[in-house]
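Observations on chain architecture
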Amino acid sequence: MGLSPATRIIAVLLLILLPAPLIIVIGASFSPRAVLAFPPPGFSWRWYLEFLGSTAWITAFAQSAVIAIVAAVVTTIIAVLAALALDRAPARLRSAAETAILAPLLFPHAAIGIAFLGWLSMLHLNGGFIGVLMAHLILCAPFAYRPIAVSLRQIDRSLTEAATILGAEPRQTLTRVVLPLLRPGIAASLLFSFIISFDEVTVTMFLTGPQFTTLPVSIYTHIHDSADPVVAAISSVLILLTAGLVLLIDRLVGLRIFIDIEEEGRHAPA
Amino acid sequence: MAGMPSAATKGRLRLDRITKTFGALRAVDGVDLDIEAGEFIAFLGPSGCGKTTLLRIIAGFEAADSGRAALDGRELGRLPPNRRDVGLVFQNLALFPHLSVAQNVAFGLELRGHAKEAIAQEVAQALALVELGALSGRRIQQLSGGQRQRVALARALVLEPAVLLLDEPLSALDLKLRRQLQQELKALQRRTRTTFIFVTHDQEEALSMADRVAVFNHGKLEQFGSPRDLYQRPASRFVADFVGEANIRDAAQLAAFGVRPPPRSLLVIRPEDCAIGAAATSLPARREGVIETIDYIGPHARLRIGLDEAAEPWVVLIHGGAVGDLAPGARTVLGFDPARAASVPAQ
Ligand SMILES: Nc1ncnc2c1ncn2[C@@H]1O[C@H](COP(=O)(O)OP(=O)(O)O)[C@@H](O)[C@H]1O
Ligand SMILES: [Mg+2]
């Protein structure tokens, strides 16, 4: 590729700087002593064992996993339905609705958190699973909708027409042609929604309570009281999990699917 | 599948004053057509003349603004595409990329609820018919253009539609493959006795394949007839010009030959009905001219003969062996027989 030397240097610096904090966290997690330090003064699995042996940590981990799975599945179902409906809607309605779906990307998360806090107290859903789930559905929506809408727009109209003329009713066209061709978008939506929900702190912090909390929020609260490397160990696990999922998305469908939404619409048959 | 040739029992299509407008544009303009069961019909016309639109009306993907269509006596009306007994091979083929060759062909059979074993057998027969039996497990992406073409045909024909519509199915292929598939398609139509409506903008393709050709221009049906009819008795100046090559001349241009066309008509003189030099002396209409260009093609040569600078040159086709030492710039005599010329209405 024809990159100038200056561009190359900047690129290399970025590639070093971006993962640097992650490397420090992972390094610190192996410390044998009860202080966060980098480089670690030795090597031990002590803090990983502490994490695995603690009921509180494991409960938080399990609750995070459950909420992330439920959020991913529900958001993806809603996103598929929304994309199918908006695909046939008039252009102005569609672009208005898409702006609304993508809005959580633009609003400050603290504001969203406070808004949810007020709203959920009105509904008496504070501090519980349902409240956090509702917030996560909203936060995942942009990441679920985009890849599905992109996949849908890439389905040539002649494919659904071919199904029709071969005898398919609209519902059969949906299940036999459209949904199978949406698979890459659906996979990306599930994985990305899972990651967003699993890693979410800012909004979730406003909404958790004594009965229900998530792993990232527990890490944040724990750090207030003590600076022992157990949080580094847990963070390392989270980093590994997230990286694995992103890699999986890239392998399955490619990360481009998040960029392409504005690209050319569907082709009309010539 | 109808494996053996037999009289076609279904596939009679009647179109009655079909019209479709897009805004101010009349894409299809009052088209009447009566197509017999088992005919191979070509829709011929330049790009944008409404061929695809008419096909989509027959298929049920577009609703005509007015007019009626009936298939085997059954009004098509607002019947949805999946209830019409019509097959369609799309211009881009529209094969399902997530299914194998066999699964593509089985698609319509499964929707009809056929038994698994019956489907397997029908799919195998259909693939054998298009000589793709060995590739049934392949993915669509692993096929060549010609193979995809055949899958699309098998997928449509396996349902034994009354009418099969084909929208420029060969236009994306290279010339050699195209010629081969033209032959195969024609043989396939004869064997299955299905009514084929084949859209093309290539007049040679239309003439060589179809029993009858419908020529369209600006949404209007210009002429519907056998290839010979179109060539020897064109109904309009457009048809005379679009189908084959022609010298189309009005009364003023013909006066110097001592020829008078019928009133308000033009004469259509085919290049191969003209002669030059000694061969022209026996012909009733003659004039002297200058050879402007000679395109030697082998079996024949195409000459342009100028009668005077202002007028459009005449195109003449002569036997390749008759070129001899003719050269551009030479004077010669151009002759033709008005009795062999067709006439078309002047606009
Ligand atoms: N959906 C549509 N909306 C507006 N104009 C259309 C539409 N479909 C076709 N047309 C116009 O109608 C005319 C006929 O198109 P078409 O039937 O595709 O021609 P052909 O297949 O003979 O090339 C063209 O001028 C085309 O631009
Ligand atoms: Mg067309």
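The coordinates are above.
As the structure is a computational prediction, the values presented were derived from the model and not from experiment.

1. A word on the sheet that holds strand E7 (residues 163–167) of chain B
Pairing between the strands of a sheet is mediated by backbone hydrogen bonds and can be parallel or antiparallel. Residue and element names in this part refer to chain B. Ordered in space as E6-E7-E8-E3-E9-E10, the six strands form an open sheet in which the pairing is mixed. Of all strands in the sheet, those with a lone pairing partner are strand E6 (86–89) and strand E10 (220–225), marking the two edges. Mean inter-strand twist for the sheet, computed between neighbouring axes without regard to direction, equals 20°. Where helix H1 (residues 51–59) meets the sheet, it contacts strand E3 (40–44), E6, E7, strand E8 (195–200) and strand E9 (212–217), and its direction lies at approximately 150° from that of E7.

2. With respect to the interface of chain B and chain A
Taken together, the contact between chain B and chain A spans 24 residues of the former and 21 residues of the latter. Carbon and sulfur atoms make up 63% of the surface buried where chain B meets chain A, a total of about 1,900 Å² over both sides. The three residues of chain B that bury the most area against chain A are Asn82(B), His98(B) and Leu111(B), which together make up 29% of that side's buried surface. Along the contact surface separating chain B from chain A lie three salt bridges. Residues Arg83(B) and Glu169(A) are paired through a salt bridge, measuring 2.8 Å at the closest nitrogen-oxygen approach.

3. Considering the site of ligand 1
Residues and elements named next belong to chain B. Inspection of the region around ligand 1 gives Phe-22, Leu-25, Ala-27, Pro-46, Ser-47, Gly-48, Cys-49, Gly-50, Lys-51, Thr-52 and Thr-53 as its neighbouring residues. Note that an oxygen atom of ligand 1 is positioned 3.2 Å from one of the backbone N or O atoms of Cys-49. One of the side-chain nitrogen or oxygen atoms of Thr-52 is found 2.7 Å away from an oxygen atom of ligand 1. The set of elements that each furnish at least two residues to the shell around ligand 1 consists of strand E2 (25–35) and H1. The leading source of residues in the shell around ligand 1 is H1, at three residues. In terms of residue class, the shell around ligand 1 is made up of five nonpolar, five polar and one charged.

4. Observations concerning the sheet that holds strand E5 (residues 74–75) of chain B
Residue and element names in this part refer to chain B. Strand order in the open sheet formed by four strands is E2-E1-E4-E5, and the pairing between neighbours is antiparallel. Two strands bound the open sheet, and with one partner strand each, they are E2 and E5. As judged from the two bridges shared by strand E4 (residues 66–71) and E5, these two strands associate in the antiparallel manner. The residue of E5 that forms the bridge with Leu-71 is Arg-74. The strands touched by H1 are strand E1 (13–22) and E2; relative to E1, the strand with the most contacts, the crossing angle is about 120°.

5. What to know about the nonpolar core
Core analysis: the biggest nonpolar cluster contains 106 residues, and Phe43(B), Leu54(B), Phe96(B), Phe107(B), Leu165(B) and Ile197(B) have the highest contact counts within it. Counting residues in hydrophobic clusters, the runner-up holds 24 residues, among them Trp47(A), Ala188(A), Leu191(A) and Phe194(A).

6. Some words on the pattern of salt bridges
Residue and element names in this part refer to chain B. By the definition in use, this model includes 26 salt bridges over all chains. For Asp-34, the salt bridge is made with Arg-12, and the minimal N-O distance between the two is 3.2 Å. In this pair, Asp-34 is assigned in strand E2 and Arg-12 in the segment before E1, connecting sequence segments 22 residues apart. What makes Asp-34 partly exposed here is its relative accessible area of 24%.

7. A word on helix H12 (residues 230–252) of chain A
Residues and elements named next belong to chain A. Helix length check: H12 (23 residues) gives 33 Å between terminal C-alpha atoms against 33 Å at 1.5 Å per residue, within 8%. The set of residues buried in H12 consists of Val-230, Val-231, Ala-232, Ala-233, Ile-234, Ser-236, Leu-238, Thr-242, Leu-245 and Ile-249. Where H12 is buried, its residues meet helix H2 (20–28), helix H3 (46–53), helix H4 (55–87), helix H9 (170–199) and helix H11 (215–225). The first or second residue beyond H12 is Gly-254, which carries a positive phi of 85°.

8. Quick notes on the packing of aromatic side chains
Following the criterion strictly, the structure yields 20 aromatic pairs over all chains and no others. When the ring of Trp45(A) is compared with that of Tyr48(A), the centres are 5.5 Å apart and the planes differ by 65°; the resulting orientation is edge-to-face. Centre to centre, the rings of Phe238(B) and Phe242(B) are 5.3 Å apart; their planes meet at 10°, and the pair counts as stacked. Taken together, the residues Phe238(B) and Phe242(B), both in helix H8 (residues 237–242) and four residues apart, mark about one turn of the helix.

9. A short note on the environment of Thr164(A)
Relative to the elements of secondary structure, Thr164(A) occurs in helix H8 (residues 157–165). Each C-alpha atom of the pair Thr164(A) and Leu102(A) lies 33 Å from the other, and the pair is 62 residues apart in sequence. Setting aside residues up to four positions removed in sequence, Thr164(A) forms contacts with Thr173(A), Phe61(B), Pro81(B) and Asn82(B). A distance of 2.9 Å separates a polar side-chain atom of Thr164(A) from the backbone oxygen of Thr160(A).

10. Here's the deal with the pairing of strand E14 (residues 285–296) of chain B
Residues and elements named next belong to chain B. Sheet analysis places E14 next to strand E17 (residues 331–336), joined by six bridges and oriented antiparallel. In the sheet register, Arg-286 faces E17, and the bridge partner there is Gly-335. Strand direction decides the pairing type here: E14 and strand E15 (residues 300–306), joined by six bridges, are antiparallel. Bridge assignment links Ile-294 to a residue of E15, and that residue is Leu-303. Connecting E14 to the antiparallel partner E15 that follows it, the hairpin turn spans three residues, and Gly-298 within it adopts a positive phi of roughly 110°.

Rules behind the numbers
Residues numbered from 1 in each chain as written. Chains lettered and ligands numbered in written order. Predicted model: local features only at pLDDT ≥ 70, side-chain atom pairs only at ≥ 80, totals over all residues. Heavy atoms only, no water. Pairing = 2+ DSSP bridges. Helix = DSSP H or I, 4+ residues; strand = E, 2+ residues; numbered from the N terminus. Axes fitted to C-alpha atoms, helices over the stretch in contact; angles between N-to-C directions. Contact = heavy atoms within 4.5 Å. Buried area = accessible area lost by both parts, 1.4 Å probe. Salt bridge = Lys/Arg side-chain N within 4 Å of Asp/Glu carboxyl O. Near = heavy atom within 4 Å. Polar contact = N/O pair within 3.5 Å; in protein donor to acceptor, adjacent residues only side chain to side chain. Nonpolar A, V, L, I, M, F, W, Y, C, P; charged D, E, K, R; others polar. Core = buried A, V, L, I, M, F, W, Y, C linked by side-chain atoms within 4.5 Å. Buried < 20%, exposed > 50% of the residue type's maximum accessible area, 1.4 Å probe, protein only. Expected span 1.5 Å × (residues − 1). Phe/Tyr/Trp six-rings, centres within 6.5 Å; stacked < 30°, edge-to-face > 60°.

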